[in-house]
Amino acid sequence: GDLDKVVNLLLSLSGRLARVENVLSSLGENASSEERSSLNEKRKLLAGQHEDARELKENLDRRERVVLEILGNYLSEEQLQDYQHFVKMKSALLIEQRELDDKIKLGQEQLKCLMESL
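Residues numbered from 1 in each chain as written. Predicted model: local features only at pLDDT ≥ 70, side-chain atom pairs only at ≥ 80, totals over all residues. Heavy atoms only, no water.

Novice: Hey, could you run me through a positive patch on the surface in this one?
Specialist: On the surface, a cluster of positive charge is made up of Arg16, Arg19, Lys42 and Lys105. Among the secondary structure elements, arginine 16 is positioned in helix 1 (residues 2-26). (Patch = residues over 30% accessible without salt bridge, like charges linked within 9 Å, V, L, I, M, F, W, Y side chains within 5 Å. Areas by Shrake-Rupley, 256 points an atom, 1.4 Å probe, with all protein chains shown as cover. Salt bridge = Lys/Arg side-chain N within 4 Å of Asp/Glu carboxyl O. Lys, Arg positive; Asp, Glu negative; His and termini not counted. Charge placed at Lys NZ, Arg CZ, Asp CG, Glu CD. Helix = DSSP H or I, 4+ residues; strand = E, 2+ residues; numbered from the N terminus.)

What follows is the structure, encoded as structure tokens:
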């Protein structure tokens, strides 16, 4: 459960940070200093939150290694490898699910815009 939450948090913060950085880089020279300052502040806040989330992931990885050690005493080598594969695939599938959800959301927004333009 913690793995799901931390991976989703990292993905969410990474996406938000990327969007803010994209907006910052696309600001023209006519953008107000207040707007630029606000976006820079938001970027700093998101970068700090992202770093905190990375620390959470590192702690989770350490816990995973401890659990793996304990399980090593009770499971066969094959079962242990299956467990490790499960944990790795779970993260990969969470990332893939998030990407697919984002694509679906984008498609729905594009469809809505197309329907409104008709």
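What follows picks up the thread again.
Novice: Looking at this structure, I do not really get the environment of leucine 71. What am I missing?
Specialist: Counting through the fold element by element, leucine 71 comes out in helix 2 (residues 33-72). Judged by its relative accessible area of 23%, leucine 71 falls in the partly exposed class. (Buried < 20%, exposed > 50% of the residue type's maximum accessible area, 1.4 Å probe, protein only.)

Novice: Sorry if this is basic, but what is going on with helix 3 (residues 77-117) here?
Specialist: Each α-helix turn comprises 3.6 residues. Residues three or four places apart therefore point the same way. Here helix 3 is 41 residues long and its end C-alpha atoms lie 60 Å apart, about the 60 Å a rise of 1.5 Å per residue gives. Those residues of helix 3 that fall on the buried side of the exposure criterion are Leu80, Val87, Ser91 and Leu94. Those residues of helix 3 hidden inside the fold are in contact with helix 1 and helix 2. (Expected span 1.5 Å × (residues − 1). Contact = heavy atoms within 4.5 Å.)

Fair warning: the whole summary comes from geometry, so function is off the table for now.
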